[in-house]
Amino acid sequence: MRRYDGEERALKVREINGFSDFCAALKECGFSMGGGNAKGVFALIPFDWREEPPGCPVRWHTGDADTDPWEWRMRVLEERDDVAYAKVFFRLSGYITREWYPLFLAVRRRGKNFEEMLRDGEVGRPARRIYEALSRLGAASVPELKREAGFSREEKAAFERGLTELQMKLLVTMCGRGRKVNRFGEEYGWENTLFCTPESFWGEGPIREAEGLSPAEAEEAVLRRVFELNPAAEERTARRFVRGG
């Protein structure tokens, strides 16, 4: 059932031919699925590596920093201060701008911090181990978090579930890339994705803004934008998108 029929107006999304277009469109829209699938809600780049829309220079996995959406996920973290990227929708990747992040925080955290969510049984044991390790380390990569939290090789699946859970609850977010450093302070090896808390990524501003919002009103505000972006979206799917269910 849809409560929004006839209420929404379609938001015209600009044509995307490169990274700058993508950033401008994301700023206007507020959020987007990260991969090449809208999942019934909304994605600025709705096609994947198997598709090549005629006349569109955007292509997945070419390595071109300007036209490859796979490269954009790290570029927004390294070159901008107004976009977050992590596994935030349907346990898959997505983007949320600074303007809209407090609304998602209000819905997902409902005014609680990590300790309060833990107290209320809303954080699983693997997620707790990862979060506490991250609190000790600051920004950290997956290998660093596994080592600090004491995850064995046999616990790989538990670690991945816990890290995704923290991202979905907006307790952890991606914050860029880094390489290992030896005892001489020299970097080596492959680059790894770094994670940190939203408080570290954004500062306290969005957290304080979220605390002043009603979770129900924040959810309705995001839903209205969803239906502006995709009037054909199913309400049940849209609410899962917003709530992180």
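Being a predicted model, the structure only gives us computed values, none of them experimental.

Now for the overall build of the chain. Tallying secondary structure elements over the chain gives 11 helices and 6 strands in all. By the compact-globule yardstick of 18 Å for 245 residues, the chain fits well, its C-alpha radius of gyration being 18 Å. A buried classification covers 47% of the 245 residues belonging to the chain. Considering only residue pairs separated by 6 or more positions, the chain has 58% of its internal contacts joining residues 24 or more positions apart. In the structure as shown, the chain presents an accessible area of about 12,800 Å², 46% of it carried by carbon and sulfur atoms.

Right, let's talk about the nonpolar core for a bit. Among the nonpolar cores identified, the biggest contains 72 residues, and Phe22, Phe31, Val76, Phe89, Phe104 and Phe241 are the most heavily contacted of them. Here this core gets 7 residues from one element, more than from any other, and that element is helix H10 (residues 215-229).

This next bit is on the sheet that holds strand S2 (residues 83-89). Pairing is antiparallel across the open sheet formed by 3 strands, whose spatial order is S1-S3-S2. Looking along the sheet, the strands with just one partner apiece sit at the ends: strand S1 (31-33) and S2. Geometrically, the sheet is characterised by an average inter-axis angle of 25° between neighbouring strands, direction not taken into account. Where helix H1 (residues 19-29) meets the sheet, its contacts fall on S1, S2 and strand S3 (92-97), and the angle it forms with S3 comes to roughly 75°.

Locating Arg108 in the fold gives a position in helix H3 (residues 101-109). No salt bridge is formed by the buried Arg108; its nearest oppositely charged neighbour, Glu219, is found at 9.0 Å. Polar contacts involving the side chain of Arg108 include one to the main-chain carbonyl oxygen of Val242, which spans 2.8 Å. One polar contact links the side chain of Arg108 to the main-chain carbonyl oxygen of Arg243, over a distance of 3.3 Å. Excluding its chain neighbours within four sequence positions, the residues that come into contact with Arg108 are Val88, Phe89, Met117, Met168, Lys169, Leu170, Phe241, Val242, Arg243 and Gly244.

With that settled, consider H10. Look at H10: 21 Å from first C-alpha to last across 15 residues, which is about the 21 Å you get at 1.5 Å a residue. The element H10 is extensively covered by neighbouring structure, given that 11 of its 15 residues are classed as buried. Residues Ala218, Glu219, Glu220, Ala221, Val222, Leu223, Arg225, Val226, Phe227, Glu228 and Leu229 constitute the buried set of H10. Looking at the buried side of H10, the elements it contacts are H1, S1, H3 and helix H11 (235-243).

Turning to unusual backbone geometry, a few remarks are in order. Phi at Lys39 takes a positive value of approximately 55°, unusual for a residue other than glycine. Structurally, the position occupied by Lys39 is in the loop between S1 and helix H2 (69-79). In this structure Lys39 comes out as partly exposed when scored by relative accessible area, which is 39%. Positive phi outside glycine occurs at Leu170, with the angle close to 60°. Within the element layout of this structure, Leu170 appears in the loop between helix H7 (156-168) and strand S5 (173-181). For Leu170, a relative accessible area of 0% corresponds to the buried category.

On to the pairing of S2. Along a regular strand, successive side chains alternate from one face of the sheet to the other. The element S2 is largely enclosed, with a buried count of 6 among its 7 residues. In the sheet, S2 pairs with S3 via 6 bridges, with the strands oriented antiparallel. By the bridge assignment for S3, Val83 is matched with Thr97. The hairpin turn running from S2 into S3, its antiparallel successor, is 2 residues long, and Phe90 in that turn takes a positive phi close to 55°.

Let's shift gears to the packing of helix H6 (residues 142-149) against H7. The description of two packed helices rests on the angle between their axes and on the distance between the axes. Two elements in contact, H6 and H7, have axes whose closest approach is 12 Å; the angle formed by their N-to-C orientations is 110°. It follows that H6 is roughly perpendicular to H7 by the angle criterion. Considering how the two elements wind past one another, H6 and H7 form a crossing that is right-handed. For the pair H6 and H7, contact is made by Val142, Leu145 and Lys146 and by Lys156, Phe159 and Leu163, respectively. Of the residues contributing to the contact of H6 with H7, the split by class is 4 nonpolar, no polar and 2 charged.

In this section: H1. Turning to H1, its buried residues number three or more, namely Phe19, Phe22, Cys23, Ala25, Leu26 and Cys29. Looking straight down H1, one finds that the buried residues subtend no more than 170° of arc, so they occupy a single side. Buried-residue contacts for H1 involve S1, H2, S2, S3 and H10.

About the thresholds
Residues numbered from 1 in each chain as written. Predicted model: local features only at pLDDT ≥ 70, side-chain atom pairs only at ≥ 80, totals over all residues. Heavy atoms only, no water. Helix = DSSP H or I, 4+ residues; strand = E, 2+ residues; numbered from the N terminus. Rg over C-alpha atoms; globule rule 2.2 N^0.38 Å. Buried < 20%, exposed > 50% of the residue type's maximum accessible area, 1.4 Å probe, protein only. Contact = heavy atoms within 4.5 Å. Areas by Shrake-Rupley, 256 points an atom, 1.4 Å probe, with all protein chains shown as cover. Core = buried A, V, L, I, M, F, W, Y, C linked by side-chain atoms within 4.5 Å. Pairing = 2+ DSSP bridges. Axes fitted to C-alpha atoms, helices over the stretch in contact; angles between N-to-C directions. Lys, Arg positive; Asp, Glu negative; His and termini not counted. Salt bridge = Lys/Arg side-chain N within 4 Å of Asp/Glu carboxyl O. Polar contact = N/O pair within 3.5 Å; in protein donor to acceptor, adjacent residues only side chain to side chain. Expected span 1.5 Å × (residues − 1). Parallel < 35°, antiparallel > 145°, perpendicular 65-115°, else oblique. Left-handed = near helix turned anticlockwise from the far one by under 90°. Nonpolar A, V, L, I, M, F, W, Y, C, P; charged D, E, K, R; others polar. Arc of directions from axis to C-beta.

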